Every structure is written in structure tokens, then in C-alpha cells.
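One letter stands for each residue in the lines below.
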Amino acid sequence: MYIGIDLGGTNIAVGMVDDNGKILAQESLPTLSGRSYEEIVKDMAVLCEKVAEQSGHSMKEVDAIGIGSPGAVDSENGVVIFAGNLKFEKAPIALEMRKYFDIPVNLENDANAAAYGEYAVCGHEAESFVFITLGTGVGGGIIINNQIYRGFNGAGAEIGHMTLKMDGKPCTCGRKGCFEVYASVTALIEQTVQAMSKNPESMMNDWIKENGHVSGRTAFECAAKGDEAAMQVKDTYIRYVAEGVTSIVNIFQPDMLVIGGGISREGDVLLKPLKGYVSNGDFNKFMKKTDIQTAKLFNDAGIIGAALAAKNNV
């Protein structure tokens, strides 16, 4: 038995996970970011006790606890070096958790944990695996020979911050033209709003009246109904995603590449044209191609990945 903890800026989600990556019990609490790491770890410990009890087990049966945290993470020493949205600086999360339970604790970057979750459940036969998550930003993780690739300093695989366009749009990281500012759901929403302003007759303007706000689904749903402005937004967005994916494929030629985040729920509407763009731009024209898929675990990837990464490191 393993416990996986997905620590986010909004919620702390904790699950009891078995050897096969199945969540047996799950609980969550608001993170209330801005509090000390000690207070947040205390809440994690309470949730650990709850999921153990709900699953019919005790903490004595848990072999390891895995935590996925945003920010720059020192996995070797179990320290969150910096996490802006949690206001953590050099927070010894693993050591603090050991005050509650005499159990091995493994700390990972949250994107790496989610990547490992998708890999362990859906891509474990792949020797090389890349996970890209399209959300508020663009995150991801790389798994090579069953090991999370972290770089020499733990900060590797920041997929969202490779340059897609030199001197392009400003990114929150301080650079310009990052993949994130064109391919995140935040970017898709911005692209949708701009198209709505230029096309007042578009169905997308009516969509807001029914749903109250613009989301990543707006352009996709209106495009499915034949709205031309929405179709252009959708196609341009997919092209941005494909440009980044093509670069990753050309660099790594991974066995499998999986796209996650809410937009991945569009399935073949996203995947089919994206594969076409990638195939045209793939440097490898004559050998076996990367298997590109959409995510299977969605919101559970962080919990499962944190738990199974801890299992792998016990």
C-alpha cells in the first residue's frame, strides 16, 4: 500500500493507492496557501490517516508516502526549494511528514508525479515516455527506463518554457515566446476572446450567454457546430500544440507521448489533426513513429504518480 499526495495551490488531494495504481480511498482539503509548510503538512497527515481508515487499512500497512508539489523540488533531500503559489522557500516537506509517520517519504515536482502516474498505468512498456499537460500553463515530465528525468539539479523537463517563437508574447517566466503562452488553456481562452471581439456574429458570443464565461471548451464546442471563427481558433490552437510536440518528438523520439490536462478530453478532435501536423514535421520519416495519445487518468494522475514514484524509490 502507498499513499499519494497531490499538493496544489488550491487543494490537497490524498489517496490510498495499491500496487497496481488503483485508488482505494481519496480525500481532499483546501490548501489555504500562504500558511506555513508545517500547517500544510499537518493537514496532509490528517488526510493520510483518513484514507487509510476509509480503505480498511492502517498507516502501519503503508510502505511509502509520495508527495507531488509545485515549484522547484530537491527530490533527493525532500525539500521544496521554491514554490511561488504556496509561498514555500526551502521547505523540508519530507522531513516534516516523517514527524507524523515512520514511513519513507518521497517528494517530486507535481508535473513529474503526474507524468509518472500516466506512465505507470498507461505507458509502462515504453522505455522512453513524455507527458505534456495543457492547463493554466504547460507542464510535463519525461520518463526514461522507468526513471523520472529531473536534470542534474532537479529542474529538468520544463516543457512549457522552450521557445516556440523568438521575441514572441511575454511569459510569466520572464522570457518571450514560450510554448506555454501559445499552447496552454490560458492561451486558448485569450485566443478565443480575441476572435469573439473580431467576430461579433460568432456562436462563441452566444456560448458565453449560456455558460457565463469563456473556457477552453468554448471554441471547440462552437467549432463542432460549424462556426467558422471558432474553427479557426481551434485549428490555430492545435497547430501551436503540434509545433511544440513536434520539437519534443524530434529531440527525444520517445516510444510514447501523452497529452493531458482538461483539453485532452477533446480526444480525437484534438488528436487526429495534431498527429497529422506532427507527422509532417517529424524529422524521422522512415522509422517507427512515436505513439501519441491523450491522457487516461486526468485528475488522478498526480495522486497515483506520487504514490508509485514513492514505491519505485523505496
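Our structure is the block above this text.
The shown structure was predicted, so the numbers you read here are calculated from the model rather than taken from an experiment.

Trainee: Could you clarify how one ought to interpret the pairing of strand 7 (residues 88-91) in this entry?
Mentor: The side chains of a regular strand alternate between the sheet's two faces. With 3 bridges joining them, strand 6 (residues 79-83) and strand 7 adopt antiparallel strand pairing. Bridge pairing in strand 7 places Val80 opposite Ala91. Taken together, strand 6 and the strand that follows it, strand 7, pair antiparallel across an intervening segment of 4 residues, in which Lys87 is found at a positive phi of about 60°.

Trainee: Just checking my understanding: could you explain the packing of aromatic side chains for this structure?
Mentor: Each aromatic ring pair is described using two quantities: the centre-to-centre distance and the angle formed by the ring planes. Taken as a whole, this structure holds 4 aromatic pairs when the rule is applied. Residues Tyr100 and Phe101 carry aromatic rings whose centres are separated by 6.5 Å and whose planes lie at 45° to one another, so their mutual orientation is tilted. Residue Tyr100 is classed as partly exposed on the basis of its relative accessible area, which comes to 37%. A residue is classified by how much of its surface remains accessible, and Phe101, at 6% relative accessible area, is buried. Note on Tyr119 and Phe129: the rings are 5.5 Å apart at their centroids and 65° apart in plane angle, and the pair reads as edge-to-face. Here the residue Tyr119 occupies a position in helix 3 (residues 110-122), and Phe129 occupies one in strand 9 (residues 128-134), the gap between them amounting to 10 residues. As far as burial versus exposure is concerned, Tyr119 and Phe129 are alike and both buried.

Trainee: Where do I start with the pattern of salt bridges in this structure?
Mentor: Side chains that carry opposite charge are capable of pairing whenever their charged atoms lie near each other. For the structure shown, the criterion picks out 11 salt bridges. Taking the shortest distance from any N to any O, the salt bridge between Asp282 and Lys289 comes out at 3.5 Å. Note on Lys289: relative accessible area 35%, which makes it partly exposed.

Trainee: I keep staring at helix 10 (residues 301-313) and nothing clicks. Help me out?
Mentor: Owing to its 3.6 residues per turn, the α-helix aligns residues three or four sequence positions apart on the same side. Its 13 residues place the ends of helix 10 18 Å apart at the C-alpha level, agreeing with the 18 Å of an ideal helix rising 1.5 Å per residue. Extensive coverage of helix 10 is indicated by the burial of 10 of its 13 residues. Residues of helix 10 that are buried: Ala301, Gly302, Ile303, Ile304, Gly305, Ala306, Ala307, Leu308, Ala309 and Ala310.

Trainee: Would you mind going over the environment of Met203 with me for this structure?
Mentor: Along the polypeptide, Met203 turns up in helix 6 (residues 203-211). Judged by relative accessible area, Met203 falls into the partly exposed class, the value being 33%. Taking the C-alpha atoms as reference points, Met203 and Ile103, separated by 100 residues in sequence, lie 55 Å from one another.

Trainee: Is there a simple way to explain helix 9 (residues 268-281) in this structure?
Mentor: If you check helix 9, its first and last C-alpha atoms are 19 Å apart, about what 14 residues at 1.5 Å a residue would give, namely 20 Å. On the buried face of helix 9, the contacting elements are helix 8 (228-252), strand 12 (256-260) and strand 13 (291-294).

Trainee: Help me understand the sheet that holds strand 2 (residues 11-17), please; the structure alone is not making it clear to me.
Mentor: To summarise the sheet geometry, strands pair through backbone hydrogen bonds and adopt either a parallel or an antiparallel arrangement. In space, the 5 strands of this open sheet follow the order 3-2-1-4-8, with mixed pairing throughout. A single partner strand is all that each edge strand has here, and the edge strands are strand 3 (23-30) and strand 8 (105-109). Geometrically, the sheet is characterised by an average inter-axis angle of 15° between neighbouring strands, direction not taken into account. As judged from the 5 bridges shared by strand 4 (residues 64-69) and strand 8, these two strands associate in the parallel manner. Looking at strand 8, one finds that Ile67 is bridged to Leu107. Running over the sheet, helix 1 (residues 37-54) touches strand 1 (2-7), strand 2, strand 3 and strand 4 and is turned about 150° from strand 3.

Criteria and thresholds
- Residues numbered from 1 in each chain as written.
- Predicted model: local features only at pLDDT ≥ 70, side-chain atom pairs only at ≥ 80, totals over all residues.
- Heavy atoms only, no water.
- Pairing = 2+ DSSP bridges.
- Helix = DSSP H or I, 4+ residues; strand = E, 2+ residues; numbered from the N terminus.
- Phe/Tyr/Trp six-rings, centres within 6.5 Å; stacked < 30°, edge-to-face > 60°.
- Buried < 20%, exposed > 50% of the residue type's maximum accessible area, 1.4 Å probe, protein only.
- Salt bridge = Lys/Arg side-chain N within 4 Å of Asp/Glu carboxyl O.
- Expected span 1.5 Å × (residues − 1).
- Contact = heavy atoms within 4.5 Å.
- Axes fitted to C-alpha atoms, helices over the stretch in contact; angles between N-to-C directions.

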